[in-house]
Amino acid sequence: MAGKNRPQSAPGVLTAFARFVLCGGGVGLASSFAVAALASLIPWLMANALITAISTLIATELHARFTFGIGRRTTWHEHAQSAGSAAAAYAVTCMAMLVLHHWMATPGAVLEQLVYLSACALAGVARFAVLRLLVFARPAPQLAAVARPVHATVARPTAPADQAALCRTA
């Protein structure tokens, strides 16, 4: 178990994506039902905005601790960065629902959920990339810049053993 001061090792991309789907999918699925329930009381766009904000806070914390294993609570700066990808996801889900309602005056609840969840999945893949590569990216391990002396071996001709031989060669 990693301590507070010792960061966990980063999971591989497939493990992180599986965790992202589990956490983000779970929060997204709960959010879809929450949006549908809240939309019966307030306009859908407002319900989606409110639920998106709440679910983003929850999902960002889950992704930091579990998906990407940073081993600490999420900072407000990371929440703010994550909010940008959530705003894009909000725009994608709203656009999908607006297009659906433009094509069909009264789509059924099942079709609305299918379109909403499909838009969430598309936005989720992009959000995974943003969170992994930007928000929760770990610095690349730096190679120790240790100056190592280079030892060159220089071949020297061997001198003749006796002085007389040396003089004759000159």
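Attention here is on the structure that accompanies the text. Keep in mind that what you see is a predicted model, and the values were worked out from it rather than measured.

So, the layout of surface pockets
Step number 1: By volume, the largest pocket amounts to about 560 Å³.
Step number 2: Lining the largest pocket we find 27 residues, and of these G24, G28, C120, G124 and R127 sit closest to its centre.
Step number 3: When residues of the lining of the largest pocket are traced back to their parent elements, those giving at least two are helix 1 (13-38), helix 2 (44-67), helix 3 (76-103) and helix 4 (109-135).
Step number 4: Grouping the amino acids of the lining of the largest pocket by side-chain chemistry returns 15 nonpolar, 11 polar and one charged.

Structural notes on the side chain of H79
Step number 1: Relative to the assigned elements, H79 resides in helix 3.
Step number 2: One polar contact links H79 to E61, side chain to side chain, over a distance of 3.4 Å.

Re the nonpolar core
Within soluble globular proteins, side chains that are nonpolar generally end up buried alongside one another.
Step number 1: With nine residues, the main nonpolar core is built from A16, F20, A64, F68, I70, F128, L131, V135 and F136.
Step number 2: Of all the secondary-structure elements, those providing two or more residues to this core are helix 1 and helix 4.
Step number 3: Those residues within four positions of A16 in sequence are excluded, and the remaining contacts are P11, T67, F68, F128 and R132.
Step number 4: Residues V35, M97, L100 and Y116 belong to the second largest nonpolar core, which totals seven residues.

Let's talk about the side chain of S32
Step number 1: Turning to its location among the elements, S32 is positioned in helix 1.
Step number 2: Contact partners of S32, with chain neighbours within four places excluded, come to Q113, Y116 and L117.

Describing the environment of L111
Step number 1: For L111, the location among the structural elements is in helix 4.
Step number 2: The exposure class of L111 is partly exposed, given its relative accessible area of 29%.
Step number 3: Remark: the alpha-carbon pair of L111 and L100, spanning 11 residues in sequence, is separated by 8.9 Å.
Step number 4: Setting aside anything within four residues of it in sequence, one finds L111 in contact with L100 and M104.

Conventions adopted
- Residues numbered from 1 in each chain as written.
- Predicted model: local features only at pLDDT ≥ 70, side-chain atom pairs only at ≥ 80, totals over all residues.
- Heavy atoms only, no water.
- 1 Å grid on protein atoms, 1.4 Å probe; cavity = no way out; pocket = protein on both sides within 12 Å on 5 of 7 lines; lining within 4 Å.
- Points joined across faces, edges and corners; volume = space filled by probe spheres on them.
- Helix = DSSP H or I, 4+ residues; strand = E, 2+ residues; numbered from the N terminus.
- Nonpolar A, V, L, I, M, F, W, Y, C, P; charged D, E, K, R; others polar.
- Polar contact = N/O pair within 3.5 Å; in protein donor to acceptor, adjacent residues only side chain to side chain.
- Core = buried A, V, L, I, M, F, W, Y, C linked by side-chain atoms within 4.5 Å.
- Buried < 20%, exposed > 50% of the residue type's maximum accessible area, 1.4 Å probe, protein only.
- Contact = heavy atoms within 4.5 Å.

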